[in-house]
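Structural overview for review
Each chain is listed here by its residues.
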Amino acid sequence: MVVGGWWCVPNALNKFTVSPRDHLKSNPDGSITLYFQAESPGKALEPNWLPALKGNFIPMMRMYGPRTKNPSILDGTWEPPPIVKVQ
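An account of the accompanying structure is given in this report. (Residues numbered from 1 in each chain as written. Predicted model: local features only at pLDDT ≥ 70, side-chain atom pairs only at ≥ 80, totals over all residues. Heavy atoms only, no water.)

Of the regular secondary structure elements, the protein chain holds 0 helices and 2 strands. Along the first, second and third principal axes, the C-alpha atoms of the protein chain reach 40 × 35 × 25 Å. In the protein chain, which comprises 87 residues, the proportion classed as buried is 15%. Residue pairs at least 24 apart in sequence account for 31% of intrachain contacts in the protein chain once pairs closer than 6 positions are excluded. Surface accessibility of the protein chain: about 7,200 Å² in total, with carbon and sulfur atoms responsible for 58%. Charged side chains in the protein chain number 9 positive and 6 negative. The centres of these two groups are separated by 6 Å. (Helix = DSSP H or I, 4+ residues; strand = E, 2+ residues; numbered from the N terminus. Buried < 20%, exposed > 50% of the residue type's maximum accessible area, 1.4 Å probe, protein only. Contact = heavy atoms within 4.5 Å. Areas by Shrake-Rupley, 256 points an atom, 1.4 Å probe, with all protein chains shown as cover. Lys, Arg positive; Asp, Glu negative; His and termini not counted. Charge placed at Lys NZ, Arg CZ, Asp CG, Glu CD.)

Right, dumping it as structure tokens:
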């Protein structure tokens, strides 16, 4: 793990990944919003937060054993949801 580089940002929570193991908070419609930003989105949403650098950064997604049948990232029938920059 590279801390302080493109991959991991030193932070008070000592948090370098975001995953369902963090007990993510769902939106009322069942969707999940993840926060990749320098400032906390608030204590209640910190499970969904990955501290990031201020300014530009590179989001990365790790895939384990992708499906070979539809929907699959391998044949393009599944794509990750878009990343939306919010001001």
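The subject of this paragraph is the layout of surface pockets. Estimates place the volume of the largest pocket at around 1,900 Å³. Contributing to the lining of the largest pocket are 42 residues, with Val18, Leu34, Phe36, Leu50 and Met60 lying nearest its centre. Among the elements of the structure, strand 1 (35–37) and strand 2 (49–51) are those that each provide at least two residues to the lining of the largest pocket. Among the elements that make up the lining of the largest pocket, the one with the highest residue count is strand 1 (3 residues). Split into classes, the residues belonging to the lining of the largest pocket amount to 30 nonpolar, 8 polar and 4 charged. (1 Å grid on protein atoms, 1.4 Å probe; cavity = no way out; pocket = protein on both sides within 12 Å on 5 of 7 lines; lining within 4 Å. Points joined across faces, edges and corners; volume = space filled by probe spheres on them. Nonpolar A, V, L, I, M, F, W, Y, C, P; charged D, E, K, R; others polar.)

Proline 71 follows asparagine 70 through a cis peptide bond whose omega is -10°. Within the secondary structure, proline 71 is located in the segment after strand 2. A positive phi is found at asparagine 14, a non-glycine position, where the angle reads about 55°. Counting through the fold element by element, asparagine 14 comes out in the segment before strand 1. Judged by relative accessible area, which is 57%, asparagine 14 ranks as exposed. Within the chain, histidine 23 stands out as a residue other than glycine whose phi angle is a positive 55°. Counting through the fold element by element, histidine 23 comes out in the segment before strand 1. Using a relative accessible area of 62% as the deciding quantity, one classes histidine 23 as exposed.

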